Amino acid sequence: MVQTDISVLFLIGDAIAQVGVQGRTRDNYDYVRTARMAAIGLVWVGPVMRTWLVTLDRLVVSTGPSAAIKKMCLDQTLMAPFFLGTFYPVVGLSRGDSWEDIKQLVKKEYVSTMLNNYKIWPAVQLANFYFVPLNLRLLVINMVAL
């Protein structure tokens, strides 16, 4: 159920990006891109993030503020670099991009994406790990990502 929810949120996120940010209309909307993003949410982001969140709860078994801080630190030092470093290749491969194009995109975007990540996600994840039960954390992450 949660992975389906993630797929729907990726679909909504891409629709927001195309219409709200890029100003696309019904005439030039890229429906294939939206379907591709929904599929990425379903088959890659959902399972990877769910596995990470469950693993993190097994690694840090304590509760309270110190546990939330430990989880946030692990998340931001291990998962954030991994996830962002693999997201561009996953999207590129889904579009049929060449490895050279994917490498250039990662080289161009990775550092700025990581820096922007650190502006919001440590605070989000700290609150997420402290206040939100495990079964809802992935939804929180994807709602904020919208």
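Look above for the structure.
So, a few notes on the structure that sits alongside this text. (Residues numbered from 1 in each chain as written. Predicted model: local features only at pLDDT ≥ 70, side-chain atom pairs only at ≥ 80, totals over all residues. Heavy atoms only, no water.)

1. Quick look at the environment of Thr34
1) Next: For Thr34, the location among the structural elements is in helix H2 (residues 31–59).
2) Next: For Thr34, a relative accessible area of 7% puts it in the buried group.
3) Next: Between the C-alpha atoms of Thr34 and Ala15, which are 19 residues apart in sequence, the distance is 6.7 Å.
4) Next: Reaching out from Thr34, the side chain makes a polar contact with the side chain of Gln18 at a distance of 3.1 Å. (Helix = DSSP H or I, 4+ residues; strand = E, 2+ residues; numbered from the N terminus. Buried < 20%, exposed > 50% of the residue type's maximum accessible area, 1.4 Å probe, protein only. Polar contact = N/O pair within 3.5 Å; in protein donor to acceptor, adjacent residues only side chain to side chain.)

2. Description of the packing of helix H3 (residues 65–95) against helix H4 (residues 99–131)
1) Next: Packing of H3 against H4 leaves a shortest axis separation of 8 Å and a crossing angle of 150°. Classed by the angle they form, the pair H3 and H4 counts as roughly antiparallel. In the packing of H3 onto H4, the handedness of the crossing is right-handed.
2) Next: For the contact of H3 with H4, the per-class residue count stands at 22 nonpolar, six polar and four charged. (Axes fitted to C-alpha atoms, helices over the stretch in contact; angles between N-to-C directions. Parallel < 35°, antiparallel > 145°, perpendicular 65-115°, else oblique. Left-handed = near helix turned anticlockwise from the far one by under 90°. Nonpolar A, V, L, I, M, F, W, Y, C, P; charged D, E, K, R; others polar.)

3. Some words on the side chain of Ser7
1) Next: Counting through the fold element by element, Ser7 comes out in helix H1 (residues 2–21).
2) Next: Not counting residues up to four positions away in its chain, the partners in contact with Ser7 are Ala38, Ala39, Gly41 and Leu42. (Contact = heavy atoms within 4.5 Å.)

4. Brief notes about helix H5 (residues 134–145)
1) Next: Taking 1.5 Å per residue, twelve residues should reach 16 Å; H5 reaches 18 Å between its end C-alpha atoms and fits that length.
2) Next: Turning to H5, its buried residues are Arg137, Leu138, Ile141 and Asn142. Angularly, the buried residues of H5 cover 120° about the axis, an arc narrow enough to put them on a single face. (Expected span 1.5 Å × (residues − 1). Arc of directions from axis to C-beta.)

5. Side note on the pattern of salt bridges
1) Next: Here the structure, examined in full by the defined rule, presents six salt bridges.
2) Next: Between Asp57 and Lys71 there is a salt bridge, and its shortest N-O distance comes to 2.6 Å. Taken together, the residues span a long stretch of sequence, with Asp57 in helix H2 and Lys71 in helix H3 at a distance of 14 residues.
3) Next: What makes Asp57 partly exposed here is its relative accessible area of 22%.
4) Next: The buried category is assigned to Lys71, whose relative accessible area is 5%.
5) Next: Close ionic contact of Lys103 with Glu100 constitutes a salt bridge, the shortest N to O distance being 3.5 Å. Residue Lys103 and its partner Glu100 are both found in helix H4; the two are separated by three residues, about one turn of the helix.
6) Next: Lys103 sits in the partly exposed class, given a relative accessible area of 49%.
7) Next: When salt bridges with common partners are traced through the structure, they connect Asp57, Lys71 and Arg137 into a single cluster. (Salt bridge = Lys/Arg side-chain N within 4 Å of Asp/Glu carboxyl O.)

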